[in-house]
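Now for the letters of each chain:
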Amino acid sequence: MAAPKSLTPLLKDELDIVIPTIRNLDFLEMWRPFFQPYHLIIVQDGDPSKTIKVPEGFDYELYNRNDINKILGPKANCISFKDSACRCFGYMVSKKKYIFTIDDDCFVAKDPTGKEINALEQHIKNLLSPSTPFFFNTLYDPYRDGTDFVRGYPFSLREGVPTAVSHGLWLNIPDYDAPTQLVKPLERNTRFVDAVMTIPKGTLFPMCGMNLAFNRELIGPAMYFGLMGDGQPIGRYDDMWAGWCIKVICDHLGLGVKTGLPYIWHSKASNPFVNLKKEYKGIYWQEELIPFFQSVTLPKDCTTVQKCYIELSKQVKAKLGKVDDYFNKLADAMITWIEAWDELNQSGAAAGAPKGSAK
């Protein structure tokens, strides 16, 4: 595999890669040319007594459930167990400005010319250039090389706004829900669309957490992946919930969310019958969740992500609590998450976390 062209990787000391896993991280070998310069935060789900093997040469810290309980104490109950939603603990303990998170069944994709795609580099480009949420540019991202604002685009809006989130896509196995998986078991995504676009203000989207980057300083406290998995009535809606929350807050604070490039190669289809069991209530509930998020408004005095998120949690309890008691628990967990985030990010309480060695 050819090494990346850049001698000094972009944001080398300002970005952490967060990976949730229950297995050995052999997939990192394929990503070595792109990931090795960066610090990894590995969140081990499931049995904490199991030893997860990480290939030599990576700089990492690894947290299992015992570590999460030790660091957060009683507040650890806001972090999901036996679900990839546990990844958001990595966002909380990071001390970097940017986060890239990827699943362990995602491999390096190739563009139509056969060149391997440095997904992390493209995410960084997306995050470091502005977004245009207030007026759609028909040539998509006007800040990419070889394109610009089209005729008729207001000059007053051409500076754009800061980009908080970069949402990447997948070749091969699409991110489908269980009913679609069952109807189209052999469908594969082979379409490579060379485009990045800003999701317009007021428009929600289904955020997938397996190829995602964000500016932690701009939106980090809202990147909570909810209560999923063990002991919860729902799964596989962790990233969806976070996506709806961050979009409402980004719209309120005047921040941008991009989607499109980069692509990764999603290698493994999960079991649709297991997925259906996890998703069943979510598929039913989302018909009420989406109108809630579409109509939610945040007061003008919500000037920080934390204030926005606490206000959102109150509205979740008031309006969604009657859908199911689960949303009362979730609203409480949203508050606990913010309290834990603020505690960790003021005191540096995670400084004693177990670390791996790159030597």
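Residues numbered from 1 in each chain as written. Predicted model: local features only at pLDDT ≥ 70, side-chain atom pairs only at ≥ 80, totals over all residues. Heavy atoms only, no water.

Peer 1: Provide a residue-level description of the nonpolar core, including the pertinent values.
Peer 2: Counting 68 residues, the largest nonpolar core has I219, Y224, W241, Y309 and W337 as its most contacted members. If you tally residues by element for this core, the top one is helix α10 (residues 326–347), at 11 residues. Among all residues touching W337, those that are not within four sequence positions of it are C78, I79, C88, M92, G220, P221, M223, Y224 and Y309. (Core = buried A, V, L, I, M, F, W, Y, C linked by side-chain atoms within 4.5 Å. Buried < 20%, exposed > 50% of the residue type's maximum accessible area, 1.4 Å probe, protein only. Helix = DSSP H or I, 4+ residues; strand = E, 2+ residues; numbered from the N terminus. Contact = heavy atoms within 4.5 Å.)

Peer 1: Can you lay out the environment of N118 for me, pointing to particular residues and giving the numbers?
Peer 2: The topology assignment puts N118 in the loop between β5 (106–107) and α4 (119–128). With 84 residues separating them in the primary sequence, N118 and F34 have C-alpha atoms 6.5 Å apart.

Peer 1: Provide a residue-level description of the UniProt feature "site: Required for activity" (unreviewed entry) in the protein chain, including the pertinent values.
Peer 2: Feature annotation in UniProt places "site: Required for activity" (unreviewed entry) on R151 and R158, given in this structure's numbering. With respect to the helices, strands and loops of the structure, R151 is situated in the loop between α4 and β6 (163–172). Taking relative accessible area as the criterion, R151 reaches 84% and is therefore assigned exposed. Among all residues touching R158, those that are not within four sequence positions of it are Y143, F149, V150 and Y153. Among the polar contacts listed, one links the side chain of R158 to the backbone oxygen of Y153, at a separation of 2.9 Å. (UniProt positions renumbered as here; feature names shortened; annotations may be inferred. Polar contact = N/O pair within 3.5 Å; in protein donor to acceptor, adjacent residues only side chain to side chain.)

Peer 1: Describe empty space enclosed by the protein, and please don't skip the residues or the numbers.
Peer 2: According to the stated counting rule, one finds 1 cavity of 30 Å³ or more in the structure shown. Put simply, the largest cavity is a space of about 60 Å³. M228, I234, Y237, W241, W244, W285, L289, Y326, F327 and L330 together form the lining of the largest cavity. Broken down by secondary-structure element, the contributors of at least two residues to the lining of the largest cavity are α7 (238–253), α8 (272–295) and α10. Counting residues per element, the lining of the largest cavity draws most heavily on α10, at 3 residues. Within the lining of the largest cavity, the residues separate by chemical class into 10 nonpolar, no polar and no charged. (1 Å grid on protein atoms, 1.4 Å probe; cavity = no way out; pocket = protein on both sides within 12 Å on 5 of 7 lines; lining within 4 Å. Points joined across faces, edges and corners; volume = space filled by probe spheres on them. Nonpolar A, V, L, I, M, F, W, Y, C, P; charged D, E, K, R; others polar.)

Peer 1: Pulling in residues and values, what's your account of the state of the cysteines?
Peer 2: Scanning all chains against the criterion turns up 0 disulfides. In this model C250 remains outside any disulfide bridge; the closest cysteine sulfur is found in C308, 9.5 Å from its own. Not part of a disulfide, C308 finds its nearest cysteine sulfur in C302, a span of 4.9 Å. By relative accessible area, which is 0% here, C308 ends up buried. (Disulfide = S-S within 2.5 Å.)

Peer 1: Hey, could you go over the pattern of salt bridges for me, with residue numbers and the actual values?
Peer 2: This model, assessed by the stated rule, comprises 12 salt bridges. K96 is the salt-bridge partner of D16, the closest N and O atoms lying 3.0 Å from each other. With D16 in strand β1 (residues 15–21) and K96 in the loop between α3 (88–93) and β4 (98–102), this pair connects stretches of sequence that are 80 residues apart. Take D16 and K96: they sit in the same class, and that class is buried. Across the pair E29 and R32 runs a salt bridge, and its minimum N-O distance is 2.9 Å. Remark: R32 and E29 occur in helix α1 (residues 28–35); sequence separation between them is 3 residues, near one turn of the helix. (Salt bridge = Lys/Arg side-chain N within 4 Å of Asp/Glu carboxyl O.)

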